[in-house]
Amino acid sequence: AADFFVHVFGGRLDRAADQRRWLRRIDLERENLVAAHDECAASREGVQAALVLTASMEGYWRSRGLVNLGHRLACDAVARAASCAPSRAHARALFCAGELAYFIGHHAQACDYLERSDELGRQMGDEDVQVQRVAAPEGSAPQGNPGGVDPFEGAGEGDGGSPVSLLGADVENT
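The shown structure was predicted, so the numbers you read here are calculated from the model rather than taken from an experiment. Residue numbers run consecutively from 1 along every chain, following the written order of its sequence. Given that the model is predicted, a residue must reach a pLDDT of at least 70 before its local features are reported, and side-chain atom pairs must reach 80 or more before they are shown or counted; all residues, however, enter totals for whole chains, interfaces and linings. With hydrogens and water excluded, all non-hydrogen atoms of the structure serve as input to the side-chain values.

Caption draft 1: Representation of the overall build of the chain. Helix and strand counts for the chain stand at 9 helices and 0 strands. Numbered from the N terminus, helices here are DSSP runs of H or I no shorter than four residues, and strands are runs of E no shorter than two. In the chain, the succession of α and β elements from N to C terminus is α-α-α-α-α-α-α-α-α. Here, residues are in contact when the closest pair of their heavy atoms is within 4.5 Å. Here the analysis covers contacts within the chain between residues at least 6 apart in sequence; of these, 60% occur between residues at least 24 apart. Note on areas: Shrake-Rupley, 1.4 Å probe, and residue coverage restricted to the protein chains presented here. Counting only carbon and sulfur atoms, one obtains 49% of the accessible surface of the chain, whose full area is about 10,400 Å².

Caption draft 2: Looking closely at helix α3 (residues 19-28). Residue exposure (1.4 Å probe, protein chains only): buried if accessible area is under 20% of the type maximum, exposed if over 50%, otherwise partly exposed. Among all positions in α3, only Trp 22, Leu 23 and Ile 26 are buried. Projected down its long axis, α3 carries its buried residues within an arc of 100°, all on one side. Opposite the buried face of α3, by more than 90 degrees, sit the exposed residues Arg 20 and Leu 28. An arc is given here, and it is the one of the directions from the helix axis to the C-beta atoms.

Caption draft 3: Highlighting the packing of α3 against helix α5 (residues 44-63). To define axes, lines are fitted to C-alpha atoms, for helices over the stretch in contact only, and angles between the resulting N-to-C directions are given on a 0 to 180 degree scale. Running from N to C, α3 and α5 cross one another at 90°; their axes reach a closest spacing of 11 Å. Our classification of the angle between α3 and α5 gives roughly perpendicular. Packed against α3, whose contacting residues are Leu 23, Ile 26 and Asp 27, the element α5 presents Met 57, Tyr 60 and Ser 63 at the interface. Any angle that is under 35 degrees is reported as roughly parallel, and any over 145 degrees as roughly antiparallel; angles of 65 to 115 degrees are reported as roughly perpendicular and all others as oblique.

Caption draft 4: Geometry of the nonpolar core. Formed by 31 residues in total, the largest nonpolar core has its most connected members in Met 57 and Trp 61. Among the elements of the structure, α3, α4 (30-39), α5, α6 (67-80), α7 (88-103) and α8 (107-124) are those that each provide at least two residues to this core. For this core, the leading source of residues is α5, giving 8 residues. Definition of nonpolar core: a set of buried residues of the types Ala, Val, Leu, Ile, Met, Phe, Trp, Tyr and Cys, connected through side-chain atoms within 4.5 Å.

Here you go:
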């Protein structure tokens, strides 16, 4: 079932001129798509299929506002693949899980998934799955980030801090 979705829908959302039509077709198959993810847990081959399916459907979950569902499926696929050999599909699924985690505000988890994706890409020498980083000159803080404080440090960890306090500013919320 997962192979069907990857074959029919995989990658089409990224390059289709008629994206609306593809989104509607996936909408009609959404329950089967979720069932295909669940079915993938039954075998090692299914684990790899779930990783490919996860990466190919990431744009669908975001465009339909179903980020929580996509995140859950991505996290399940990545967790099942923890004992598998490194693969491009695993790195891409980790990247997808990281992006979806970011969109729902799980910033620490997003960083973890994105770093793991980047590490797998580096191990395999696959630049396509390596996370692109913007390097600041040595000894300087990124522009708009005084003191080099990570704006996501502690975010999503129940710290109760406001975005202002996370940036390290001495400003009280009014």
